[in-house]
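# Tertiary structure, described
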Amino acid sequence: DAGVIQSPRHEVTEMGQEVTLRCKPISGHDYLFWYRQTMMRGLELLIYFNNNVPIDDSGMPEDRFSAKMPNASFSTLKIQPSEPRDSAVYFCASSPTGPRGELFFGEGSRLTVL
Amino acid sequence: EDQVTQSPEALRLQEGESSSLNCSYTVSGLRGLFWYRQDPGKGPEFLFTLYSAGEEKEKERLKATLTKKESFLHITAPKPEDSATYLCAVPANQAGTALIFGKGTTLSVSS
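Now for a description of the structure that goes with this document. A quick note: this is a predicted structure, and the numbers were derived from the prediction, not measured. (Residues numbered from 1 in each chain as written. Chains lettered and ligands numbered in written order. Predicted model: local features only at pLDDT ≥ 70, side-chain atom pairs only at ≥ 80, totals over all residues. Heavy atoms only, no water.)

### Looking at the overall build of chain B
Across its full length, chain B carries 0 helices and 11 strands. When the helices and strands of chain B are read in sequence order from the N terminus, they spell out β-β-β-β-β-β-β-β-β-β-β. Its C-alpha radius of gyration of 14 Å places chain B within 12% of the 13 Å reference for a compact globule of 111 residues. With respect to the three principal axes, the spread of C-alpha positions in chain B is 45 × 30 × 20 Å. Looking at the 111 residues of chain B, the share that counts as buried comes to 45%. A total accessible area of about 5400 Å² is found for chain B, and carbon and sulfur atoms account for 46% of it. Both charge centroids of chain B, one from 12 positive and one from 14 negative side chains, sit 3 Å from each other. (Helix = DSSP H or I, 4+ residues; strand = E, 2+ residues; numbered from the N terminus. Rg over C-alpha atoms; globule rule 2.2 N^0.38 Å. Buried < 20%, exposed > 50% of the residue type's maximum accessible area, 1.4 Å probe, protein only. Areas by Shrake-Rupley, 256 points an atom, 1.4 Å probe, with all protein chains shown as cover. Lys, Arg positive; Asp, Glu negative; His and termini not counted. Charge placed at Lys NZ, Arg CZ, Asp CG, Glu CD.)

See below:
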């Protein structure tokens with residue numbers, strides 16, 4: 001079975017540009033999570049969805065970040081405009097059991113903002 | 001504030017040299033403690049969940065244990081392929097919130 005699929009794997013962009021990260025969760029998983037990982041702060045939750053509905057977005061840094069889940073098999077995380085401090089690895093994860101259960105992570109999207 | 005602290009940050013072992021990684025937490029009313037393994041350039045991969053003090057789980061050379069304040073990941077006779085970053089995570093106190101992760105321990109095992 002395919003795992004969580006993220007794209008792009010690497011993105012290099014200039015400050016001020018729009019960035020869109022994409023995620024396809026494991027089929028049948030009702031929960032989808034976006035995490036961000038940096039050396040300084042570790043792995044931090046940005047937002048999670050249940051049945052395509054955002055449940056907790058308290059980790060979204062500011063209005064420059066937005067996330068959508070138009071259907072059960074696709075989600076996007078958008079940053080507009082991007083800033084150098086947004087440079088990080090962004091992980092998408094899905095789960096069949098909820099926010100307190102086992103998470104299945106994708107391989108991540110490494111973002112570098114110059 | 002709910003916190004998860006892992007120590008040491010980095011650990012270097014010789015092949016066959018057993019050791020332990022620590023994860024301490026301040027979340028009250030623990031509702032599970034999770035251990036993940038993360039290889040370079042990859043996403044974290046689930047290892048164990050522990051739910052109550054005294055519980056132990058094993059997988060190959062790894063054994064996870066849980067007390068009321070901390071968890072240990074014991075590595076017995078490690079091999080180079082055990083080299084990875086090990087993350088622990090707990091659910092936050094607030095209902096409906098997701099896992100809080102520690103910053104991890106990076107283990108390097110040399111032959």
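### Comments concerning the pairing of strand β7 (residues 65–71) of chain A
Regular strands show a simple pattern: their side chains alternate between the two faces of the sheet. Residues and elements named next belong to chain A. Pairing analysis gives 5 bridges linking β7 to strand β8 (residues 74–79), with the strands arranged antiparallel. In the strand pairing of β8, N71 is matched with F74. Counted along the chain from β7 to the antiparallel partner β8, the turn is 2 residues long. (Pairing = 2+ DSSP bridges.)

### A word on the sheet that holds strand β1 (residues 5–7) of chain A
Residues and elements named next belong to chain A. The 4 strands lie next to each other as β1-β3-β8-β7, forming an open sheet whose pairing is antiparallel. Of all the strands in the sheet, just β1 and β7 have a single pairing partner and so form its edges. Sheet twist, expressed as the mean angle between neighbouring strand axes with direction ignored, is 15°. (Axes fitted to C-alpha atoms, helices over the stretch in contact; angles between N-to-C directions.)

### A look at the state of the cysteines
One pass over the structure, following the stated rule, counts 2 disulfides over all chains. The side chain of C23 of chain A participates in a disulfide bridge whose partner is C92 of chain A; the two sulfur atoms lie 1.9 Å from each other. Disulfide C23 of chain A to C92 of chain A: torsion about the S-S bond roughly -65°, handedness left-handed. Note that C23 of chain A is positioned in strand β3 (residues 19–24) and C92 of chain A in strand β9 (residues 88–95), a separation of 69 residues in sequence. C23 of chain B shares a disulfide with C88 of chain B; S-S distance 1.9 Å. On the sign convention where negative means left-handed, the S-S torsion of about 75° between C23 of chain B and C88 of chain B marks this disulfide as right-handed. Of the two residues, C23 of chain B sits in strand β3 (residues 19–25) while C88 of chain B sits in strand β9 (residues 84–91), which places them 65 residues apart along the sequence. (Disulfide = S-S within 2.5 Å.)

### Structural notes on the interface of chain A and chain B
Taken together, the contact pairs 20 residues of chain A with 21 residues of chain B. Carbon and sulfur atoms make up 51% of the surface buried where chain A meets chain B, a total of about 1600 Å² over both sides. Taken together, the connections running from chain A to chain B amount to 1 salt bridge. Note that K42 of chain B and E107 of chain A form a salt bridge whose closest N and O atoms lie 3.0 Å from each other. Inspection of the region where chain A meets chain B yields 6 residue pairs in polar contact (both at pLDDT 80 or more). Broken down by element, the side of chain A that touches chain B gets its largest block of residues, 4 residues, from strand β5 (residues 42–50) of chain A. (Contact = heavy atoms within 4.5 Å. Buried area = accessible area lost by both parts, 1.4 Å probe. Salt bridge = Lys/Arg side-chain N within 4 Å of Asp/Glu carboxyl O. Polar contact = N/O pair within 3.5 Å; in protein donor to acceptor, adjacent residues only side chain to side chain.)

### Thoughts on the sheet that holds strand β6 (residues 56–59) of chain B
Residues and elements named next belong to chain B. Spatial strand order, β1-β3-β8-β7-β6: 5 strands in an open sheet with antiparallel pairing. Of all strands in the sheet, those bounded by a partner on one side alone are β1 (4–7) and β6. Between one strand axis and the next, the sheet turns through 15° on average, direction left out of account. For β3 and strand β8 (residues 70–75), the ladder comprises 6 bridges, and the chain directions are antiparallel. Paired with S19 across the strands is I75, a residue of β8.

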